[in-house]
Amino acid sequence: MSTIVFFHAHPDDESSQTAGSMSRASDEGHRVVVVYATGGEHGEVPDDLAPGESLADRRRAEAEASARITGTARVAWLGYHDSGMTGWEQNSDPKSFHQAPLDEAAARLAAILDEEEADVLVGYDWHGSYGHPDHVKVHAVTYAAAARAVRAPRVLEETMNRDVMRAQMQAARDAGMGDSFDPDGPMDDGNPMGMPEAELHWAVDVSEHMDRIRAAMQAHRSQVSDIGMFMSMPPEVFTAAFGTEYFIERGRPAGMVRGWFLDASPR
């Protein structure tokens, strides 16, 4: 059995990006750990916070609830603040993940990797799929931490399949749904969404875990806009959007394999 550490920028990112793989791994007896770089301090603020309860408090509790759904054994936090979207004044907050010295952040993550004797570390692609400053930083910290770990883990980058998204958006328009989202258009950093399929290595079928993916998202109910949008999707659309999770693995031969990355050894 392996220990897999999933490194995410904010609470709720795991639910829409890797909840299927987390559930699958835990079901197979692997130890699943999730590490959050930030507390998601600049997400949506619900109107039912208790006196003295902060948004970060709420989101930590939601992350723990999501972990129980996916079978995650440990939830850990690097302790940085949410940096906000590109250009927000929060980008310059000295406590933000965006401003964190790379060596410092990598050392914090590497300490967790060493404690867990991690076999696999999952981070994000080079621009975090859509350019959010914290997602971009996750990519850099992932590789820096892996290099610092006593036993270097196998590293994968979670991403989105731009070609599939393009086809899905065209199908929606053809069906008269009128969705104007363009994955080839500029995202938060000016780059297109995700990565082209030609640069991907793993397509993991997690369609057997759709109920748990949905439940993990619902655990983050404070984030009304995103979670509400996902929950409004018809079942077949939800499965099309979240039933396959995509990963890049440096050093593997070109070409996307439809399979489970834990069934294979790195090449």
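Scroll up to find the structure.
Parameters and conventions
- Residues numbered from 1 in each chain as written.
- Predicted model: local features only at pLDDT ≥ 70, side-chain atom pairs only at ≥ 80, totals over all residues.
- Heavy atoms only, no water.
- Helix = DSSP H or I, 4+ residues; strand = E, 2+ residues; numbered from the N terminus.
- Expected span 1.5 Å × (residues − 1).
- Buried < 20%, exposed > 50% of the residue type's maximum accessible area, 1.4 Å probe, protein only.
- Arc of directions from axis to C-beta.
- Core = buried A, V, L, I, M, F, W, Y, C linked by side-chain atoms within 4.5 Å.
- Contact = heavy atoms within 4.5 Å.
- Phe/Tyr/Trp six-rings, centres within 6.5 Å; stacked < 30°, edge-to-face > 60°.
- Lys NZ or Arg CZ within 6 Å of the ring centre and 35° of its normal.

Focus on helix α4 (residues 102–116)
Okay, so step 1: Between its first and last C-alpha, α4 extends 21 Å over 15 residues, near the 21 Å set by a 1.5 Å rise per residue.
Okay, so step 2: Burial in α4 covers these residues: Ala105, Ala106, Leu109, Ala110, Ile112, Leu113 and Glu116. Buried residues of α4, seen end-on, are gathered within an arc of 155° and therefore sit on one face of the element. For α4, exposure combined with an orientation more than 90 degrees from the buried face picks out Asp103 and Glu115.

Comments concerning the nonpolar core
Okay, so step 1: Core analysis: the biggest nonpolar cluster contains 30 residues, and Ile213 and Phe261 have the highest contact counts within it.
Okay, so step 2: Tallying contributions element by element places helix α7 (residues 210–219) first for this core, with 4 residues.
Okay, so step 3: Once you skip the residues sitting within four places of it in the chain, isoleucine 213 turns out to touch Ser15, Ala19, Gly20, Val206, Phe238, Phe242 and Glu245.
Okay, so step 4: Counting residues in each nonpolar core, the second largest holds 28 residues, with Val5, Leu78, Ala144 and Ala149 among its members.

Digging into the packing of aromatic side chains
Okay, so step 1: Evaluation of the coordinates by the stated rule reveals 7 aromatic pairs.
Okay, so step 2: Between tyrosine 80 and phenylalanine 97 the ring centres are 5.6 Å apart and the planes differ by 40°, which places this aromatic pair in the tilted class. Residue tyrosine 80 is located in strand β3 (residues 74–80), and its partner phenylalanine 97 is located in the loop between β3 and α4; the two are separated by 17 residues in the primary sequence. Each member of the pair tyrosine 80 and phenylalanine 97 is classed as buried.
Okay, so step 3: With centroids separated by 5.1 Å and ring planes inclined at 75°, the aromatic side chains of phenylalanine 230 and phenylalanine 242 adopt a geometry described as edge-to-face. Here phenylalanine 242 lies in helix α9 (residues 235–242) and phenylalanine 230 lies in helix α8 (residues 224–231), a separation of 12 residues in the sequence. In this pair, the class of phenylalanine 230 matches that of phenylalanine 242, namely buried.
Okay, so step 4: Ring pairs connect the aromatic residues Phe7, Tyr80 and Phe97, which therefore count as one cluster.
Okay, so step 5: In this structure, arginine 60 packs its charged tip against the face of tryptophan 77, placed 4.4 Å from the ring centre.

Some remarks on the environment of phenylalanine 181
Okay, so step 1: As for its placement among the helices and strands, phenylalanine 181 is situated in the loop between α6 (162–174) and β6 (202–205).
Okay, so step 2: A relative accessible area of 29% means that phenylalanine 181 is categorised as partly exposed.

Bear in mind that shape data such as this cannot, by itself, settle questions of function.
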